[in-house]
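# Survey of secondary and tertiary structure
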Amino acid sequence: MNFGLLTIIVAFMTSLISGYFYYSAARGDVNSFRIGRLIYKITLAIITFSSIYFLYLILTHSFQYDYIYRYSSRSLPFFYLISSFWAGQEGSFLLWTLFISIMGFLYLRSSSNLEPWSMLFILVVQAFFLFLMIHKSPFELLPILPPDGAGLNPLLQDPWMVIHPPILFLGYAAITIPFALAMAALIRKDFNGWIQQALAWSLFSSITLGAGIIIGGFWAYEVLGWGGYWGWDPVENSSLIPWLTILALFHGLIVQKFKNALPKFNLVLAVLTFVLVIYATFLTRSGMLADFSVHSFQNNGQNIYLISFMVGVLLLSAFFFFKNYSLIRNTKIDMFSLIRESGLLWGIIALCLSALIVFIGTSWPIITRLFASSSSSVDISVYNKLNFPIAIVIALLIAITPYLIWGKLDIALLIKRLINSGVLTIISVIIGLIFGVKQFSLMFFIMAASFAFWTNIFTIIDRAKISWLDIGGPLSHVGVGLLFLGIIVSGNYDEHKRVQLQPNDPVELFGYKLKYIGATENPNGKTQINIDVEKNGNVFHSHPKLYFSKYNNAWMREPDIKILLLNDLYISVLERKQNDEAMSNKLVLTKGETKKFSDYEIEFLGFDFGNHQMATTVSIGANLKVRYSDNIYVLKPEMIYENNKKFTPIVYMPSQSEEKRSVIVSNIDADKKMVELTFGGTSLNDEDVPERIVVEVSTKPFMNFVWAGSILLTLGTIIAFSRRMKI
């Protein structure tokens, strides 16, 4: 008997039973209310036990379980062994379900007359995730007991990735509560009774989801070696979209609380935010983004359940919304008056518009697949161009709105309050001009972000005199101003260049003198490249890493970052060529990847599976685009299976010498869209070539502003949440 799977099944059944009693309580049965609560607590206990038991199996290396075999190994350090709990789909679902159960329990401690209906919807969500784990269980057994596990992706073996997913899933789980409250409000026709609790939960969701996104961005910047913290990857975007909408919901609830406006909008947004979380899960796990995202999982057959659940939630919420549409009364807002509610409304519109743009861009591979034979993705520049003016609007609104008054217009008072911050903003713009910012659009962005920063600094000073709990909002807005400044400067004024380094042969770049002094083989298999960096007589050591990962079957790199006052020095090793192996005769490429090999630049375009009408012969070709001596060549080396035997015909490379250089397909991994090429030709193994490394060196200005702004944004939201909990 599979004991772990049994706990999931029992928790699913008790969730349904608790939901039945809560439904009865919602229909007026007083006794059912107490029973529903009791069974919910029992369900929480079962899910908690199941999670602890699963962690115990991981820590005791129970590799007879397929999930544990795939994501852990005996050599993993303790904390990374724990993080394998949520490294894959099934484990992350279990963690998510545990968090939903805990959130529901915390909600019970401050519940209201909306509890029966809201708890019913929390239980529906909880039961849905338990059902997914019955369909694809983290406790699925293998037919044999392997001696060791496959291990954890080396890129995930980082302290930030130990905490990033749990915080993100905590935010996802917390979004369930505003959704459940909105559904309860629609059913009970209590369109204002849900506001107070929804405010606190939406704020908590924005804290955890935002912190998870920021930590993920820092991990990408510090570990991935591609030089950035945000790449508009579809799976990255899938968590950004609900964060934008939950921020919009929080501000919308504030307007409703003080002015009885936007009740319909808030109800819709609470439901849509929850659906967007499920949609993010669908995007990540559908397999549809496998060609467009480095994060996506393969389809495990749960698409139909995720789609059905989303459609069901939308149809049910739409039914109650339109049924009660005429009963939902609200106060109209004059959008073009300088009053606080209009400022907040424009901010909400800007957040929702940004979310819509990112949603369409993220969904573009799916949209194009519906109307064409192939999928395509949106270029990163589209996101940047469309969100650029929205960010300016948000910055200006953040600057002005704190000084606006509810329902009143006093331009003279507003101008008086903005004089000091306006002067400092002008000074900030002048500093930007001095440092070389010439483009008008960038200067205007810097002006808006600086204006947001300074006005909220003065707001903090004013509010701190009353209570430190009142500074949460403006402190978050100061963080946004700093974050915007860091993003625009680091994104437009960074410098990067590739350079080749030989041992003890210094090369000067960006005012730094770099000297390669050798490599160190670490016990964990990650080769450390040692580089001395000198500037103005001061020397510090840089230790980026370059290693071949058997787990990924590819070369991996981890950068080294020197954090300075106004900029970061970012060093990433792209290639290492050693004396005894100056040019390896193997090259591993994934689909769409381009690498240099000797005098060639080779891009792997994808596989050609040929015509397999004859069962005895199967050919798999690797479509290669080769650049050599400023000419482009198309080659297709093949791996042929005929009568259960493998053949790898030789394909000759273009060459200007008499010697023939050849290439064959030595290995393929169709699931990972990866090919290994083996080259022939004695000149490719020239031992006279000295040892050298190729590094990419970047200077990234104002990166401290990005991380400081992110921290202040999170800290301010936490303070605002603390204040909200005391009200």
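Residues numbered from 1 in each chain as written. Predicted model: local features only at pLDDT ≥ 70, side-chain atom pairs only at ≥ 80, totals over all residues. Heavy atoms only, no water.

### Description of the packing of helix α15 (residues 440-464) against helix α16 (residues 472-492)
Spelled out, the test is: For helices, the fitted axis covers only the stretch in contact; all axes are lines through C-alpha atoms, and the angles between them, taken along N-to-C directions, range from 0 to 180 degrees. Numbering goes from the N terminus for both helices and strands, where a helix is a DSSP run of H or I of at least four residues and a strand is a run of E of at least two. An angle counts as roughly parallel when it lies under 35 degrees, as roughly antiparallel when it exceeds 145, as roughly perpendicular when it falls between 65 and 115, and as oblique in every other case. Crossing chirality is assigned from the near helix's rotation relative to the far helix, an anticlockwise turn below a right angle marking it left-handed and a clockwise turn marking it right-handed. The contact rule is simple, with two residues in contact once any of their heavy atoms fall within 4.5 Å. Here the nonpolar group is Ala, Val, Leu, Ile, Met, Phe, Trp, Tyr, Cys and Pro; Asp, Glu, Lys and Arg are the charged ones; every other residue, Gly included, is treated as polar.
Contact geometry of α15 with α16 gives a least axis separation of 8 Å together with a crossing angle of 155 degrees. Here α15 lies roughly antiparallel to α16, going by the angle between them. The chirality of how α15 crosses α16 is left-handed. Across from Leu442, Phe445, Ile446, Ala449, Ser450, Phe453, Asn456, Ile457, Thr459, Ile460 and Arg463 in α15, the residues of α16 making contact are Pro474, Leu475, His477, Val478, Gly481, Leu482, Phe484, Leu485, Ile488 and Asn492. Of the residues assigned to the contact of α15 with α16, the class counts are 14 nonpolar, 6 polar and 1 charged.

### Some details on the packing of aromatic side chains
We apply this condition: When two rings of Phe, Tyr or Trp (its six-membered ring) have centres within 6.5 Å they constitute a pair, described as stacked for plane angles under 30 degrees, edge-to-face for angles over 60, and tilted for the intermediate range. Partly exposed residues are those whose accessible area sits between 20% and 50% of the maximum for their type, while under 20% is buried and over 50% is exposed, using a 1.4 Å probe and protein chains only. Comment: the charge-over-ring label is applied if NZ (Lys) or CZ (Arg) is within 6 Å of the ring centre and within 35 degrees of the ring normal.
Within this structure, the stated rule accounts for 53 aromatic pairs. Seen from their ring centres, Phe453 and Trp454 are 4.9 Å apart, and the 80 degrees between their planes marks the pair as edge-to-face. By relative accessible area, which is 16% here, Phe453 ends up buried. For Trp454, a relative accessible area of 24% puts it in the partly exposed group. Taken together, the ring pairs connect Phe3, Phe49, Tyr53, Phe54, Tyr65, Tyr67, Tyr71, Phe85, Trp86 and Phe139 into an aromatic cluster. It is Lys562 that lies over the ring of Phe540; its NZ or CZ is 4.9 Å from the centre. One cation-aromatic arrangement involves Lys700 over Tyr570; the distance from NZ or CZ to the ring centre is 5.3 Å.

### Some remarks on a nonpolar patch on the surface
As a reminder, the rule being used: Exposure above 30% relative accessible area and the absence of a salt bridge qualify a residue for a patch, where like charges join within 9 Å and nonpolar side chains (Val, Leu, Ile, Met, Phe, Trp, Tyr) within 5 Å. Calculation of accessible area relied on Shrake-Rupley with a 1.4 Å probe; when residues are assessed, cover is drawn exclusively from the protein chains displayed. Only one rule defines a salt bridge in this text: a Lys or Arg side-chain nitrogen within 4 Å of an Asp or Glu carboxyl oxygen.
Together, Leu338, Leu409, Ile411, Ile415, Ile419, Val423, Ile426, Ile427, Ile430, Ile431, Ile434 and Phe435 give the surface a local cluster of nonpolar side chains, amounting to about 1,200 Å² of exposed area. With respect to the element layout, Ile415 can be found in helix α14 (residues 411-434).

### Describing helix α8 (residues 195-224)
To be explicit about the condition: A helix is expected to span 1.5 Å for every residue after the first.
The first and last C-alpha atoms of α8 sit 42 Å apart over 30 residues, in line with the 44 Å expected at 1.5 Å per residue. Among the 30 residues of α8, 27 are classified as buried, and the element is accordingly described as predominantly covered. Trailing α8 by a residue or two, Gly225 shows a phi angle of about 80 degrees, which is positive.

### Overview of the sheet that holds strand β17 (residues 651-652)
What counts is decided by this rule: The pairing criterion is simple: DSSP has to find at least two bridges between the two strands.
A sheet is described by the order of its strands in space; here 4 strands give the open sequence β10-β19-β18-β17, paired in antiparallel fashion. In this open sheet, the two strands that pair with only one neighbour each are β10 (586-590) and β17. Sheet topology note: the β17/strand β18 (residues 662-669) ladder contains 2 bridges and is antiparallel. Of the residues in β18, the one forming a bridge with Val651 is Val663.

### Some points on α16
Each α-helix turn comprises 3.6 residues. Residues three or four places apart therefore point the same way. Taking 1.5 Å of rise per residue, 21 residues should cover 30 Å, and α16 covers 30 Å from first to last C-alpha, within 8% of that figure. Extensive coverage of α16 is indicated by the burial of 16 of its 21 residues.

### Quick notes on the confidence of the model for the chain
We apply this condition: Each residue gets a pLDDT score, which is the predictor's confidence in that residue and runs from 0 to 100.
Per-residue pLDDT for the chain averages 88, and the proportion of residues at 70 or more is 92%. Taking the mean pLDDT of every element in the chain, the minimum, 67, falls on strand β16 (residues 645-647) and the maximum, 96, on helix α1 (residues 3-26). Low confidence marks residues 611-615, where pLDDT is under 50. Its contacts with residues over four positions away, or in another chain, come to 3 contacts. Here residues 682-688 is modelled with pLDDT under 50, and outside its nearest four sequence neighbours on either side it reaches 11 contacts, counting other chains as well.

### Re the nonpolar core
Proteins that are soluble and globular tend to have nonpolar side chains buried together. Basically, it comes down to this: What is meant by a nonpolar core is a set of buried Ala, Val, Leu, Ile, Met, Phe, Trp, Tyr and Cys residues, joined one to another through side-chain atoms within 4.5 Å.
Membership of the largest hydrophobic core comes to 147 residues, with the highest contact counts inside it found for Trp96, Phe129 and Trp194. Here this core takes 17 residues from helix α7 (residues 159-188), the largest share from any one element. Core analysis: the next-biggest nonpolar cluster, separate from the first, contains 21 residues, Phe607, Leu624, Val665 and Leu677 among them.

### Considerations on the packing of α1 against helix α2 (residues 30-59)
Orientation of α1 relative to α2, taken along the N-to-C sense of each, is 160 degrees, at an axis distance of 8 Å. Judged by the angle between their axes, α1 and α2 are roughly antiparallel. Crossing of α1 against α2: the hand is left-handed. A breakdown of the residues in the contact of α1 with α2 according to their chemical character gives 16 nonpolar, 10 polar and 1 charged.

### Some words on the pattern of salt bridges
One pass over the full model with this rule turns up 14 salt bridges. A salt bridge links Glu140 to Lys136; the nearest nitrogen and oxygen atoms lie 3.6 Å apart. One salt bridge in this structure joins Glu341 and Lys259, with 4.0 Å as the shortest N-O distance. A residue pair is termed long-range when its members are at least 10 positions apart, and Glu341 in helix α12 (residues 340-371) and Lys259 in helix α9 (residues 234-259) qualify at 82 residues. Under the relative-accessibility criterion, Lys259 is labelled partly exposed at 28%. Because the salt bridges share partners, they merge into one network encompassing Asp66, Arg70 and Glu90.

### Focus: unusual backbone geometry
At Asn504, a residue that is not glycine, the phi angle is positive and equals roughly 60 degrees. Tracing the backbone shows Asn504 in the loop between β1 (495-501) and β2 (507-509). Since its relative accessible area comes to 54%, Asn504 is described here as exposed. Backbone geometry places Phe702, a non-glycine residue, at a positive phi of 65 degrees.

### What to know about the side chain of Ser549
Looking at the element boundaries, Ser549 is found in strand β6 (residues 545-549). By relative accessible area, Ser549 is classed as buried at 3%. Contact partners of Ser549, with chain neighbours within four places excluded, come to Pro154, Ala554 and Met556.

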